[in-house]
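Given next are the chains, with one letter for each unit.
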Amino acid sequence: NALRRQSLFESAQNRLKQLQGLRIIDTAIAGSLDLNLTFNVILNEVTGLLDLDATAILRLEKNTAVLRYEAARGFYGEKLPTLTLQPGEGYAGKAIKDRKPIYINDLSKADRDPLQGPILKNENFASYYAVPLIAKGRVQGVLEAYHRTIHEPDEEWLEYLQALAGQTAIAIDNAELFQSMESANLDLLQAYDATIEGWAYALDLKDEETEDHSQRVTKLTIRIARKMNIKKEELPHIKRGALLHDIGKMGIPDSILLKPGPLTDEEWELMRKHPVYSYEMLTRIEYLRPAIDIPYCHHEKWDGSGYPRGLKGEQIPLPARIFAVVDFYDALTSDRPYRKAWSKEKTLELIKEDSGKHFDPEVVKVFFQELV
């Protein structure tokens, strides 16, 4: 009875360790999408809990269908084998082709494999186990386990090895799913930004701006924003806002927008509504809401005489204050159908005169440092 109780106690302790090992792996999977880190945790647990001499994870590359060693523990010199296998090649390749584990308790009695055999011999492995990593019906790779002495595992040992292989497959599947989503999001962002640049080009054509006006003012605005220590994560929103600074002019009739002569008071009243139209258009698009500052506020003036809200001083968002100077400079130094471009010197002199009136003096200072 004493021996039986001792055996039951040891079995319970062993099961507890196994559960703790699975918990550690679960935590690693949930806490990190870095497969290298997760593989290290998995191999440490597999090697220790199953009392193995060495372990390895081979991953099946999706595009090439090649098995490649991704991580290993216990190899001489801790060097990762450089061998690559096709499905069906080697013990590991056979395991994924048949989707079944391979258990070889005594390698000396097994048929020697021409591909993996030299590695197993050089490492003095006597027992070999390969479990295919399968998640959601898709093969992800192989978990290999090795002993340097002949090993006769029981059913519980083999079941736990398969459970650990299942966790490894889940880790790979989660990482690939995240990478796929990240890639899709990046593609979507690039598509959004390409669309925005297309809108900006169309607006330049409609408003008879000079070619690439929106691109020029955007680049210079970003340069000055960096000089003024605007946070890096805000720069993409500033870029989109600069590109779409006059998006509200889509709501202005062409008879006003393209009028060759001076506008009447009534026409100016309508023209001054285009920042409001910009706000109303962009707030409907959640992705572009953080970019509203420039389209909505770049006609505000430092002394409060601007429009549409008559904001004054630092009430005006900094990106809009920066853009106001840049847009003014680019507009005056570019040819228009109704006038020739001003010289750079004459334009800079006017900007200097309007510092503290139309423009934020600090922005003007940085603008001159960047341009002159």
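Notes on the structure follow. Source: prediction; values computed, not measured. (Residues numbered from 1 in each chain as written. Predicted model: local features only at pLDDT ≥ 70, side-chain atom pairs only at ≥ 80, totals over all residues. Heavy atoms only, no water.)

Helix and strand counts for the protein chain stand at 14 helices and six strands. Within the protein chain, the fraction of its 372 residues that count as buried is 45%. Summarising the internal contacts of the protein chain: among those between residues at least 6 apart in sequence, 59% fall at separations of at least 24. When the accessible area of the protein chain is evaluated, it comes to approximately 20200 Å², of which 52% is carbon and sulfur surface. (Helix = DSSP H or I, 4+ residues; strand = E, 2+ residues; numbered from the N terminus. Buried < 20%, exposed > 50% of the residue type's maximum accessible area, 1.4 Å probe, protein only. Contact = heavy atoms within 4.5 Å. Areas by Shrake-Rupley, 256 points an atom, 1.4 Å probe, with all protein chains shown as cover.)

Structurally, Arg272 is set in the loop between helix 9 (265–271) and helix 10 (274–282). Between the C-alpha atoms of Arg272 and His299, which are 27 residues apart in sequence, the distance is 8.8 Å. Excluding its chain neighbours within four sequence positions, the residues that come into contact with Arg272 are Tyr307 and Pro308.

So, about the pattern of salt bridges. For the coordinates displayed, the defined rule picks out twelve salt bridges. The partner of Glu197 in a salt bridge is Lys239, with the nearest N and O atoms 3.9 Å apart. Residue Glu197 is found in helix 5 (residues 155–206), and its partner Lys239 is found in helix 7 (residues 235–243); the two are separated by 42 residues along the sequence. Where Lys249 meets Asp246, a salt bridge forms, and the shortest distance between an N and an O atom there is 3.3 Å. You can call Lys249 buried: its relative accessible area is 12%. (Salt bridge = Lys/Arg side-chain N within 4 Å of Asp/Glu carboxyl O.)

Turning next to the sheet that holds strand 1 (residues 54–60). Strand-to-strand pairing in sheets goes through backbone hydrogen bonds, with the strands running parallel or antiparallel. The antiparallel open sheet is built from six strands, whose spatial order is 3-2-1-6-5-4. The open sheet has two edge strands with one neighbour each: strand 3 (84–85) and strand 4 (102–104). (Pairing = 2+ DSSP bridges.)

The full count for this structure, using the stated rule, is twelve aromatic pairs. Aromatic side chains Tyr103 and Tyr129 sit 5.9 Å apart centroid to centroid with 55° between the ring planes, which places their arrangement in the tilted category. Remark: Tyr129 occurs in strand 5 (residues 127–135) and Tyr103 occurs in strand 4; sequence separation between them is 26 residues. The exposure class of Tyr129 is buried, given its relative accessible area of 0%. Aromatic rings pair up to connect Phe75, Tyr91, Phe125, Tyr128 and Tyr146 into one cluster. (Phe/Tyr/Trp six-rings, centres within 6.5 Å; stacked < 30°, edge-to-face > 60°.)

The next thing to look at is the packing of helix 6 (residues 213–227) against helix 12 (residues 318–332). Close contact between helix 6 and helix 12 brings their axes to 9 Å; oriented N to C, the two are set at 140°. For the element pair helix 6 / helix 12, the angle class is oblique. In terms of crossing hand, the pair formed by helix 6 and helix 12 is right-handed. For the pair helix 6 and helix 12, contact is made by His213, Arg216, Val217, Leu220, Thr221, Ile224 and Ala225 and by Ile322, Phe323, Val326, Asp327 and Asp330, respectively. (Axes fitted to C-alpha atoms, helices over the stretch in contact; angles between N-to-C directions. Parallel < 35°, antiparallel > 145°, perpendicular 65-115°, else oblique. Left-handed = near helix turned anticlockwise from the far one by under 90°.)

What follows covers the pairing of strand 2 (residues 67–73). Relative to strand 2, strand 1 runs antiparallel, the two being bridged by six bridges. Within strand 2, the residue paired with Arg59 across the bridge is Arg68. Where strand 1 hands over to strand 2, the hairpin turn is made up of six residues, of which Ala65 adopts a positive phi near 55°. Bridging between strand 2 and strand 3 involves two bridges; their strand directions are antiparallel. Along strand 3, the bridge assignment pairs Arg68 with Thr84.

This part is about helix 12. In this model, helix 12 (15 residues) spans 22 Å end to end at C-alpha, consistent with the 21 Å of a helix rising 1.5 Å per residue. A large share of helix 12 lies buried, amounting to 13 of its 15 residues. (Expected span 1.5 Å × (residues − 1).)

This brings us to the side chain of Glu300. Position of Glu300 relative to the elements: it lies in the loop between helix 11 (293–297) and helix 12. Arg309 is the oppositely charged side chain nearest to the buried, salt-bridge-free Glu300, at an N-O distance of 4.3 Å. Only 2.8 Å separates the side chain of Glu300 from the backbone nitrogen of Arg309, close enough to count as a polar contact. (Lys, Arg positive; Asp, Glu negative; His and termini not counted. Polar contact = N/O pair within 3.5 Å; in protein donor to acceptor, adjacent residues only side chain to side chain.)

To continue, consider a nonpolar patch on the surface. On the surface, Leu188, Leu189 and Tyr192 cluster together to form a nonpolar patch covering roughly 250 Å² of accessible area. With respect to the helices, strands and loops of the structure, Leu188 is situated in helix 5. Judged by its relative accessible area of 42%, Leu188 falls in the partly exposed class. (Patch = residues over 30% accessible without salt bridge, like charges linked within 9 Å, V, L, I, M, F, W, Y side chains within 5 Å.)

This part takes up the nonpolar core. Ranked by size, the top nonpolar core spans 28 residues in total, and within it Ile224, Ile322, Ile351 and Phe367 carry the most contacts. Considering each element in turn, this core owes the most residues, eight residues, to helix 12. If we skip the residues at most four places from it in the chain, Phe367 touches Leu220, Ile224, Val325, Val326, Tyr329, Leu348 and Ile351. (Core = buried A, V, L, I, M, F, W, Y, C linked by side-chain atoms within 4.5 Å.)

In terms of burial, strand 5 is a largely internal element, eight of the nine residues being buried. Where strand 4 lies against strand 5, three bridges are found, and the strand directions are antiparallel. Directly across from Ile104, in strand 5, lies its bridge partner Tyr128. In this structure, strand 5 lies alongside strand 6 (residues 138–147), joined through nine bridges in antiparallel fashion. Across the sheet, residue Leu133 finds its bridge partner in strand 6, namely Gly141. The antiparallel hairpin formed by strand 5 and strand 6 contains two residues in its connecting segment, where Lys136 sits at a positive phi of about 55°.

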